[in-house]
Amino acid sequence: MPEAKVIVAKEADVEPRINEWKRFCRVFLARKIIWLALFVIALLLFTAVFGPWLAPYKPNEQNLADSMAPPSRKHLLGTDRLGIDTFSRLIYGARTALIVGVATSFTSAIVGTLLGMVAGFMGGVVNTVIMRFMDALMGFPMIVLALLLAGVLGSGMLNIIIALTVANVPGYTRLMCGMTLSVKENDYIMAQRSIGSSSFRILAKHIFPNTLQPMVVMLTTSLGGIILAEASLSFLGIGIVPPDVAWGSMVADGYKYLQTNPILSFAPGICIMLVVFSFNIIGDGLRDALDPRLRGTL
Amino acid sequence: MSQSNEIILKVNDLKMYFPVTRGLLRKKVAEIKAVDGVSFELKKGETLGLVGESGCGKTTVGRCVSRLYQPTGGEIIFEGEDIAALPEKDLKRIRRKVSLIFQDPYSSLDPRQSAGSIVGEPLIVHKITKDKIDYHRRVETLFQLVGLDPALMNRYPHEFSGGQRQRIGIARSLASNPSLIICDEPVSALDVSIQAQIINLLLDLKEAGETELTYIFIAHDLSVVKHISDRVAVMYLGRIVELTTPQELYENPLHPYTQALLSAVPVPDPEIEEKRERIILEGEVPSPLNPPSGCALHQRCPIAKPECREVIPPLSDRGGGHLVACIRA
C-alpha cells in the first residue's frame, strides 16, 4: 500500500454525531400516554413474575363459606361462586396472558421472518408457493383459524400457543417478504454480491438488520392482538383450561352473574382492555419514533 | 499513462437479453436486447470509457463483465479465463479481482453498517487479513488512501456527504486488491466540484496501487470520459458504434451517432455556442424490445442509405485503431 494521501474529510469536517438512540427516546417518550402504557406493561411484567408472592390466595383455593363475597379487606375484589379470590386469580391470569402473548409473538415472528425472507430473496416459484399458501391462511380471520386449530388440537396452553402462532405467521411472512423485496433492490445488496458475499451472509448481515424496525413495531402491536385472541378463545371455552387461570375464562365465568355481581366479569375485562390498549399504544409510539421520515424533524 | 501490452480483458460478442415474462407461469413473451454483440479488448493499466445515452446497455456491459449478470451469450476472457459461463460457486475468486464502484453513493452503502465495516467487508469475505490488528490496519490504510480520516471509521453512512460516501465506496472497491475496477457512473450523482475530486482520486489511485489498476469507466458525460480514458467506446442500443482514443474521437468522429453526441456538448463560450452547428437526430431511441433491422441508427441517421436497413455494420478499423461500425462513414 502506498503512502497516505491528503486527507480530505477530517473528523471535524463531518457533522457531529447524531445520536439515534437519544433522538428515538426523545420522540418516543414525548407522549404522556406512552408513560401510562409503559406503566401498565411494567405492572403486568411485575405481577407475572412475582405473582405467587403477591397473591393473597391460591388461584384455585375454594372457600364456599365466602361464596360471592363483595369486595372487602379480606377479598379485595370479592370472590366468585366457589369462593375463589378474584384478585388472586387476576394476578395469576397476568402470567398466562404474558406467557401466551410473548411465546406466540416470538415464535410467529421467527417462523414468519424465515419464510418471508426466503420467499422475498429467492423470488420466482419459491415466492409464489410460500406467499399463496400464506394468502390462503390469511383468508381465514385469525380468530376463526385459531378456533379451528384449537378445536382440532384440544385446549391447553401449549395448543393455544400453537394455534395462535399458525394464525399469526402469515402477517409476519407478508411483512418480511415485502421488506426483503424492497431492501434487496438497493445498490448495497448488489455491491455485496459484487464483493463475493454469500447469499446467507447477505440475508443475515445486510437484509435482516434493515428490516428490523417494522418488525419491532409489528411485534409490539401484535402482542396486544394475541392477548386479546387468547382471551377470546378462553372466553369461548376452548382456550386455557383449569387449573390454569386466564382472564378470558374469568370473564366467561362471571358473565352469568353480570347483573348481580358484575365485578366478576368487569375486573378481568378491564385488565384485558388495559393490557391490549397499552401494547397498541406502545406499538404506535414505536412506529412513529422509528419512522425514518421523521429523522431530524422531531 | 503506464500500460503494458498484456491483455487483461477480452470481451467477444457479448449478448445480454432480458426475458419479458407474463402471467402466473412466467411465460416468456419477448426479449429486451440490452446488449447485443459487444466486443472489445482491454490492456492492463488501461482505462476504457463507455459512453452512451440512458438505456444503451453500458451498465449492463459492466454488470456482465463483473458477472453480476449471467450473459446470454459471448465470451468474457478475464486474465486468460472465460468467465462468461462460470457457475456461481467458482465466481468468488473472480469477485476478488473485479470490483465495482456504484453510481448512487446513497443507496450503495448499507445504512446499518459503519463506514469501517463497509470498507472492511471484502477483507472478511475473502479472508484476506490474518487477524483483528491486521484488518484494522488495512481498513485504516484504505481510508487514508481515499482521503478519509481513519477516525471516521465508526461513523455511519448517513453522517457523510455524497462525495465522502463515494470515497467510502471507492475504498471498498479497492479493499480486495482488484486488478479491474468497473466504475458505473461514479460521478454523475455528485456536484461538479466534487466530481473533479473523485476523478482525480481515481486517476491517482491508478498510479498508487501495488497492482496496476485497469478501469472500465461508464459515463454519459463526454467531458468526464475524455479526461480519464485512454480509449472511449460509444454505445448505441446495445452495440458499440465507435471505439478510439478520446483525442481522435473529439477531433475526428466518424460515426454519425458520435457526431450528433459530440455536437450536443455545450461550449462555455456564448459566441461559439451560437454559431456552432448542431446535429439533431430525428425521433426517439427505438425500443430494445424491438430493435430496428440492420444498423440500429438507420431510421434516425442523416446519411442513411437503403442498404443500412439490411446490413448490420461490423466494427471495422479505419486506421490507427479507430474502430467504427458504419458502412457510410
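Residues numbered from 1 in each chain as written. Chains lettered and ligands numbered in written order. Predicted model: local features only at pLDDT ≥ 70, side-chain atom pairs only at ≥ 80, totals over all residues. Heavy atoms only, no water.

So, empty space enclosed by the protein
So, point 1. For the coordinates displayed, the defined rule picks out three cavities of 30 Å³ or more.
So, point 2. Reported here for the second largest cavity is a volume of approximately 70 Å³.
So, point 3. Along the walls of the second largest cavity sit A:Ala191, A:Ser194, A:Ile195, B:Ser99, B:Leu100, B:Phe102, B:Pro122, B:Arg172, B:Ser173 and B:Ser176, which together make up its complete lining.
So, point 4. Secondary-structure elements contributing two or more residues to the lining of the second largest cavity are helix H7 (187-195) of chain A together with strand S6 (98-101) and helix H5 (162-174) of chain B.
So, point 5. Counting residues per element, the lining of the second largest cavity draws most heavily on H7(A), at three residues.
So, point 6. Its residues assigned to classes, the lining of the second largest cavity comprises five nonpolar, four polar and one charged. (1 Å grid on protein atoms, 1.4 Å probe; cavity = no way out; pocket = protein on both sides within 12 Å on 5 of 7 lines; lining within 4 Å. Points joined across faces, edges and corners; volume = space filled by probe spheres on them. Helix = DSSP H or I, 4+ residues; strand = E, 2+ residues; numbered from the N terminus. Nonpolar A, V, L, I, M, F, W, Y, C, P; charged D, E, K, R; others polar.)

Quick notes on the packing of helix H3 (residues 86-122) of chain A against helix H6 (residues 157-184) of chain A
All names here are of chain A.
So, point 1. Across the interface, H3 lies against H6 with an axial gap of 5 Å and an inter-helix angle of 35°. Handedness of the crossing formed by H3 with H6: right-handed.
So, point 2. Tallied by class, residues from the contact of H3 with H6 come to 18 nonpolar, 13 polar and one charged. (Axes fitted to C-alpha atoms, helices over the stretch in contact; angles between N-to-C directions. Left-handed = near helix turned anticlockwise from the far one by under 90°.)

Digging into a nonpolar patch on the surface
Residue and element names in this part refer to chain A.
So, point 1. On the surface, Leu147, Phe235, Leu236, Tyr255, Leu258, Phe266, Ile270, Met273 and Leu274 cluster together into a nonpolar patch covering about 850 Å² of accessible area.
So, point 2. Broken down by element, the residue count for the nonpolar patch peaks at four residues, all from helix H10 (residues 263-290).
So, point 3. Relative to the assigned elements, Ile270 resides in helix H10. (Patch = residues over 30% accessible without salt bridge, like charges linked within 9 Å, V, L, I, M, F, W, Y side chains within 5 Å. Areas by Shrake-Rupley, 256 points an atom, 1.4 Å probe, with all protein chains shown as cover. Salt bridge = Lys/Arg side-chain N within 4 Å of Asp/Glu carboxyl O.)

Digging into the nonpolar core
Residues and elements named next belong to chain B.
So, point 1. By size, the foremost hydrophobic cluster in this structure holds 54 residues, and its most contacted members are Ile168, Ile170, Leu174, Leu202, Leu205 and Phe217.
So, point 2. Residues in contact with Ile168, not counting those within four places in the same chain, are Leu109, Ala115, Ile118, Val119, Leu148 and Phe160.
So, point 3. Listed in part, the 36 residues of the second largest apolar core include Leu14, Val61, Val98 and Ile240. (Core = buried A, V, L, I, M, F, W, Y, C linked by side-chain atoms within 4.5 Å. Buried < 20%, exposed > 50% of the residue type's maximum accessible area, 1.4 Å probe, protein only. Contact = heavy atoms within 4.5 Å.)

Notes on the confidence of the model for chain B
So, point 1. Per-chain confidence: chain B averages 85 in pLDDT, with 97% of residues scoring 70 or above.
So, point 2. Among the scores for the predicted complex, ipTM is 0.84 and pTM is 0.81. (pLDDT = per-residue confidence, 0-100.)

Observations concerning the sheet that holds strand S8 (residues 214-219) of chain B
Residues and elements named next belong to chain B.
So, point 1. Here we have eight strands laid out as an open sheet, ordered S6-S7-S8-S3-S9-S10-S12-S11, and mixed in their pairing. Every interior strand has two partners, whereas the edge strands, S6 and strand S11 (316-317), have only one.
So, point 2. Strand direction decides the pairing type here: strand S3 (residues 47-51) and strand S9 (residues 231-236), joined by four bridges, are parallel. In the strand pairing of S9, Leu48 is matched with Arg231. (Pairing = 2+ DSSP bridges.)

Focus on the pattern of salt bridges
So, point 1. This structure, assessed with the given rule, holds 20 salt bridges over all chains.
So, point 2. Across the pair A:Arg174 and A:Asp135 runs a salt bridge, and its minimum N-O distance is 2.4 Å. Here A:Arg174, found in helix H6, pairs with A:Asp135, found in helix H4 (residues 124-139); they are 39 residues apart in sequence, far enough to count as distant.
So, point 3. Take A:Arg174: its relative accessible area is 40%, and that puts it in the partly exposed class.
So, point 4. Judged by relative accessible area, A:Asp135 falls into the partly exposed class, the value being 26%.
So, point 5. Of the charged contacts in the structure, one is a salt bridge between B:Glu88 and B:Arg95, with a shortest N-O distance of 3.3 Å.
So, point 6. If you follow the salt bridges from partner to partner, you end up with A:Arg31, A:Asp284, A:Arg287 and A:Asp288 in one network.

A short note on the pairing of S9(B)
All names here are of chain B.
So, point 1. Most of S9 is tucked away, with six of its six residues classed as buried.
So, point 2. Of the two faces of S9, both are covered, the one formed by Arg231, Ala233 and Met235 as well as the one formed by Val232, Val234 and Tyr236.
So, point 3. Here S9 pairs with strand S10 (residues 239-244) via five bridges, running antiparallel. Its bridge partner being in S10, Val234 is matched across the sheet by Glu242.
So, point 4. Between S9 and S10, which pair antiparallel one after the other, the connecting turn spans two residues, and Leu237 there sits at a positive phi close to 50°.

A closer look at the pairing of S8(B)
Residues and elements named next belong to chain B.
So, point 1. The buried fraction of S8 amounts to six of the six residues, a majority that puts the element mostly inside the structure.
So, point 2. Here S8 shows a buried face lined by Thr214, Ile216 and Ile218 and a second buried face lined by Tyr215, Phe217 and Ala219.
So, point 3. Here five bridges tie S3 to S8, and the two strands are oriented parallel to one another. Across the sheet, residue Leu48 finds its bridge partner in S8, namely Ile216.
So, point 4. Where strand S7 (residues 180-184) meets S8, five bridges bridge the pair, whose relative direction is parallel. Looking at the pairing, Ile181 lines up with Tyr215 of S8.

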